[in-house]
There are 2 protein chains.
Amino acid sequence: MSDTSLFHATPVFPRGFRCASRNVGLKPSARDLTLFASDVDAAAAAVFTRNHFPGAPIILGRETIKGGVLRAVIANSKVSNVATGARGVENARRMATAAAAELGTSADRILVSSTGVIGVQLPIEKIEAGVVGMTAELQGDPMVGAEGIMTTDTHPKALSASVGPATITWVAKGSGMIEPNMATMLSYIFTDAAFDAATLDRLLRAAVAPSFNMLSVDTDTSTSDTCALLANGLAGAVDETEFLRVLIAGCTRMTQILARDGEGAEHLIRVEVTGALTAQEAHVVAKSIVNSPLVKTMVHGADPNVGRLLMAVGKCFDCTIRPDTTDAWINGFQVVGHGERLAFDDAVVRTTLSQEVVVLRVALGVGSGDAIAYGCDFTKGYIEENASYYSS
Amino acid sequence: MSDTSLFHATPVFPRGFRCASRNVGLKPSARDLTLFASDVDAAAAAVFTRNHFPGAPIILGRETIKGGVLRAVIANSKVSNVATGARGVENARRMATAAAAELGTSADRILVSSTGVIGVQLPIEKIEAGVVGMTAELQGDPMVGAEGIMTTDTHPKALSASVGPATITWVAKGSGMIEPNMATMLSYIFTDAAFDAATLDRLLRAAVAPSFNMLSVDTDTSTSDTCALLANGLAGAVDETEFLRVLIAGCTRMTQILARDGEGAEHLIRVEVTGALTAQEAHVVAKSIVNSPLVKTMVHGADPNVGRLLMAVGKCFDCTIRPDTTDAWINGFQVVGHGERLAFDDAVVRTTLSQEVVVLRVALGVGSGDAIAYGCDFTKGYIEENASYYSS
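Residues numbered from 1 in each chain as written. Chains lettered and ligands numbered in written order. Predicted model: local features only at pLDDT ≥ 70, side-chain atom pairs only at ≥ 80, totals over all residues. Heavy atoms only, no water.

On to the overall build of chain A. On a plain count of helices and strands, chain A comes out with 11 helices and 14 strands. Summarising its shape, the C-alpha atoms of chain A cover approximately 70 × 50 × 35 Å along the three principal directions. Considering chain A as a whole, with its 392 residues, one finds that 64% of them fall into the buried category. The contacts in chain A between residues at least 6 apart in sequence include a share of 79% that link residues at least 24 apart. If the 32 positive side-chain charges of chain A are averaged to one point and the 41 negative ones to another, these points end up 3 Å apart. (Helix = DSSP H or I, 4+ residues; strand = E, 2+ residues; numbered from the N terminus. Buried < 20%, exposed > 50% of the residue type's maximum accessible area, 1.4 Å probe, protein only. Contact = heavy atoms within 4.5 Å. Lys, Arg positive; Asp, Glu negative; His and termini not counted. Charge placed at Lys NZ, Arg CZ, Asp CG, Glu CD.)

Right, here's the structure in full:
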């Protein structure tokens, strides 16, 4: 499914990057504040949610990233600081200032993120008090930082890979309210390769398009989505083409990890659409399939109700779809030919649908546009988590 | 919520319309074949799904309705006759022919519908044998016909109302795979008012736009959606404006009934959007809210996580949304002002969210476009029904 041999068995940071994570009282006892820091200034790029109600950290972050230089990222979980007005933006600034003071740099070099419940003011005093002394705790395991930004994630998420003399490290969180439009929930990428901010921005956008932007857990685009790429240059220059190849591979792998850990998810669904009129139409059809509640429940129940695949393709009203040229496969097993459900052994399809990774492939036969989308099944666990998320 | 006094306490048919319903062996014992018939030819109009994989009955129905005249509708449940190729279309024709022979009319005056699982060939012999003798069983209770077209519906659905000397009767089924784009799953409207087919077509489209087309149970557009309006003229001419008013009221009421009986649903959600830049943008925002899994689970759990309302508004990237002019209410209780979550008594909002009907109102403050959409909450019942629909 992806070239996992590319990634280190245990994730490590690039030269000069470290992190620390603490409980500062936002959650009862779990880590809720994380600091990712570079020993030296890093060139940086970031993409943010396109939601019209961006959180206060996004409003501040768009301003901060214009400088193209970051020393650190500070992120808290439990409260997202969204829909909190002018006071929310002021609190995000105070969070940057507190981290800058702790690290001995300026606030305009700190990217702030908050994730958690919407519409609650940040307990900023707890964060300001909590960040003091974190510099002394900075250490080299990215998983420690990943743990501090978890909300409903069931495990912390970090990856690393080598590119020539340099390292790239991905740390992310996902779970729910995920159909990123510029990036996923919170995703930080660190490298010691040397690139300027403009190049990083271009590389980041190229890597996010086929990976995080093709992920959907529940069609709901978060107000906090942030994906940042920091390059401190300590490993010197590396080949840009090779760097982009590894960057895309890591973003794609992290996308799969986020999909598999979608709220309540038990299966990773990968949808491959080929032969669409254009790449854009392939994208629309792939998203339609991966987002269909009836496809998602079909995978959940391992119920070979394959007509739902056609339904999800067919509801893309504005795409060129020809029933007589449409074929479909589940994990390589053909279930639809020329727009008709094929006769197949139910037990075989049921078995293949029971695998942890379910690949749904649809060949439209009208052009050469391709797309791959990532998602997960729909379970009672999703309902359970989200019927009481605010209160719990 | 709607003027229910308009509707008869017990639904009746217009003059000259009757129905019969039988078990012909598609389901173990429940009624699975229904015949709706007019004593005389009726002028008729119909709208069908926009899904690119229309069922065989839709392919045939588009041809049939060109004639503008119907004597009867024959509909079966359990098998939808979708993705069944040329044989499926041939079976739909045989179903029309069988009904025509039973009624002593021609097959081009019979509208055929099938609802149920996709990708399975229709047991046409059972239907051909089963329809024989149904004319003798035609009777005046629309609920009997409604029962025969149920799939996962929890109750049969019929309404009737008077317009001057005429009657309008609605019979429908809904439940899952419902985000109609031209009409809902299966919805038949009968009247003894006299209109020609062209007028009926215009009236039907005007009535469907603000009602069935604003309904979504799960964002999944069925391959079988059909809404037909039959007018046999036995009550003579009626005022067109008054007829349209009642037609819209009945379609809207039936939309609410379908939403409340969405698969697994425990709440009817009505989303009112006002002050959008255009009516089209209001429509997009209303659908975004009513379709958001996180809004739907918030209602299900009566959890006042009102930031999700803003998220769902804000993810309408192409609409004009200004956080500072956006207000929101739940059942008349204001929870968002100027794009910020207001301080409110959790217990009060929790109580109002626990009501069977939950009205979510969002005022965008940027124009005068309005829209109302209908949906239901997302529950474990939906997951349960759809993880094993094919097999059960």
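Continuing now.
Residues and elements named next belong to chain A. Counted under the stated rule, the structure contains 38 salt bridges over all chains. The partner of R22 in a salt bridge is E137, and the shortest N-O contact between them spans 2.7 Å. Of this pair, R22 sits in strand β1 (residues 17-22) while E137 sits in the loop between α3 (124-131) and α4 (142-148), and the two are 115 residues apart along the sequence. For E137, a relative accessible area of 35% corresponds to the partly exposed category. Between D261 and K157 there is a salt bridge whose closest N-O contact spans 2.6 Å. One end of the pair, D261, is in the loop between α6 (240-260) and β9 (268-276); the other, K157, is in strand β5 (residues 157-163), with 104 residues separating them in the sequence. You'll find D261 and K157 in the same group, each marked buried. (Salt bridge = Lys/Arg side-chain N within 4 Å of Asp/Glu carboxyl O.)

The 6 strands lie next to each other as β12-β11-β10-β13-β9-β14 (chain A), forming an open sheet whose pairing is mixed. Looking along the sheet, the strands with just one partner apiece sit at the ends: β12 (340-341) and β14 (369-376) of chain A. (Pairing = 2+ DSSP bridges.)

What follows deals with the relation of the copies chain A and chain B. Expressed as a screw transformation, the operator carrying chain A onto chain B has a rotation angle of 180° and an axial translation of 0.0 Å, and the superposed copies differ by an RMSD of 0.0 Å. Such values leave the two copies arranged in the relation of a two-fold axis. For chain A, the residue whose C-alpha comes nearest the rotation axis is K380 of chain A, separated from it by 2.5 Å. (Least-squares fit on C-alpha atoms with pLDDT ≥ 70 in both.)

We now examine helix α3 (residues 124-131) of chain B. Residue and element names in this part refer to chain B. All buried positions along α3 are accounted for by I124, I127, G130 and V131. Buried residues along α3 cover an arc of 130° about the axis, so they all sit on one side. Turned more than 90 degrees from where α3 packs its buried face, E125 and A129 sit exposed. Where α3 is buried, its residues meet β1 (17-22), β2 (33-48), β3 (69-76) and α2 (85-103). At the C-terminal side of α3, G133 shows a positive phi close to 95°. (Arc of directions from axis to C-beta.)

On to unusual backbone geometry, then. For N81 of chain A, which is not a glycine, the phi torsion comes out positive at approximately 55°. The residue N81 of chain A is located in the loop between β3 (69-76) and α2 (85-103) in this model. The phi angle at N331 of chain B is positive, at roughly 45°, despite the residue not being glycine. Note on placement: N331 of chain B falls in the loop between β10 (327-330) and β11 (333-337). By relative accessible area, N331 of chain B is classed as partly exposed at 23%.

Chain A puts 59 residues into the contact, and the matching count from chain B is 59 residues. Buried area between chain A and chain B, summed over both chains or domains, comes out near 5100 Å², and the portion from carbon and sulfur atoms is 61%. Summed over the shared surface of chain A and chain B, the result is 2 salt bridges. Here E384 of chain B makes a salt bridge to K380 of chain A, at a shortest N to O gap of 2.2 Å. Viewed at the interface, chain B and chain A are joined by 4 residue pairs in polar contact (both at pLDDT 80 or more). (Buried area = accessible area lost by both parts, 1.4 Å probe. Polar contact = N/O pair within 3.5 Å; in protein donor to acceptor, adjacent residues only side chain to side chain.)

What follows is about the sheet that holds strand β9 (residues 268-276) of chain B. Residues and elements named next belong to chain B. What the 6 strands build is an open sheet, ordered β12-β11-β10-β13-β9-β14; its pairing is mixed. The strands lining the two open edges of the sheet, one partner per strand, are β12 (340-341) and β14 (369-376). In the sheet, β9 pairs with β14 via 7 bridges, with the strands oriented antiparallel. What sits directly across from V273, in β14, is A371. Relative to β14, helix α7 (residues 279-291) is tilted by about 20°, and along the sheet it contacts β9, β13 (357-363) and β14. (Axes fitted to C-alpha atoms, helices over the stretch in contact; angles between N-to-C directions.)

Two descriptors summarise a pair of aromatic rings, namely the distance from one centre to the other and the angle between the planes of the rings. Residues and elements named next belong to chain B. One pass over the full model with this rule turns up 16 aromatic pairs over all chains. Ring centres of F13 and F36 lie 6.5 Å apart, and the angle between their planes is 70°; this geometry places the pair in the edge-to-face category. Linking F13 in the segment before β1 with F36 in strand β2, this pair joins segments that are 23 residues apart in sequence. Per residue, the accessibility class of F13 equals that of F36, and both read buried. (Phe/Tyr/Trp six-rings, centres within 6.5 Å; stacked < 30°, edge-to-face > 60°.)

With that settled, consider the domain arrangement of chain A. Residues and elements named next belong to chain A. According to the domain assignment, chain A contains domain 1 (4-260) and domain 2 (268-376). On a C-alpha basis, the centroid separation for the pair domain 1 and domain 2 is 33 Å. Residue-level contacts link 14 residues of domain 1 with 15 residues of domain 2. Counting the surface lost from both domain 1 and domain 2, the interface buries some 1100 Å², and carbon and sulfur atoms represent 55% of this. The interface formed by domain 1 and domain 2 contains 1 salt bridge. (Domains from an automatic or database assignment.)

What follows concerns the environment of G365 of chain B. Along the chain, the position of G365 of chain B falls in the loop between β13 and β14. If near-sequence neighbours (up to four positions away) are discounted, G365 of chain B is found in contact with T274, G275 and T325 of chain B.

Here we come to the pairing of β5 of chain A. All names here are of chain A. Counting buried residues in β5 gives 6 out of 7 residues, a clear majority hidden from the surface. For β5 and strand β6 (residues 166-173), the ladder comprises 7 bridges, and the chain directions are antiparallel. Considered in β6, the bridge of V163 is made with A166. Once β5 ends, the chain turns through 2 residues before running back antiparallel as β6, passing G164 with a positive phi of about 55°.

What follows is about the pairing of β13 of chain B. Residue and element names in this part refer to chain B. Strand direction decides the pairing type here: β9 and β13, joined by 7 bridges, are parallel. Across the sheet, the residue bridging to L268 is V357, located in β13. Here β10 pairs with β13 via 4 bridges, running antiparallel. When the sheet's bridge partners are listed, D327 is paired in β13 with A363.

Position of T84 of chain A among the secondary structure elements: in the loop between β3 and α2. On the basis of relative accessible area, T84 of chain A is assigned to the buried category, the value being 3%. Excluding residues that lie within four positions of it along the chain, T84 of chain A makes contacts with A56, G119, V120 and Q121 of chain A together with E340 of chain B.

Residue and element names in this part refer to chain A. Relative to the assigned elements, V306 resides in the loop between α8 (293-301) and α9 (307-314). The exposure class of V306 is buried, given its relative accessible area of 0%. Once the C-alpha coordinates of V306 and V69 are considered, the two residues, 237 residues apart in sequence, prove to be 50 Å apart. Discounting chain neighbours no more than four positions away, the residues touching V306 are M298, I330, V335, R341 and F344.

Okay, the state of the cysteines next. By the definition in use, this model includes 0 disulfides over all chains. As a non-bridged cysteine, C251 of chain A has C227 of chain A as the owner of its nearest cysteine sulfur, 5.7 Å distant. (Disulfide = S-S within 2.5 Å.)

What follows covers the side chain of N81 of chain B. Residues and elements named next belong to chain B. By relative accessible area, which is 0% here, N81 ends up buried. Side-chain polar atoms of N81 contact the backbone oxygen of G88, separated by 3.0 Å. With sequence-adjacent residues up to four places away left out, N81 is seen in contact with G55, A56, P57, G88, N91, A92, S114, V117, V120 and L122.

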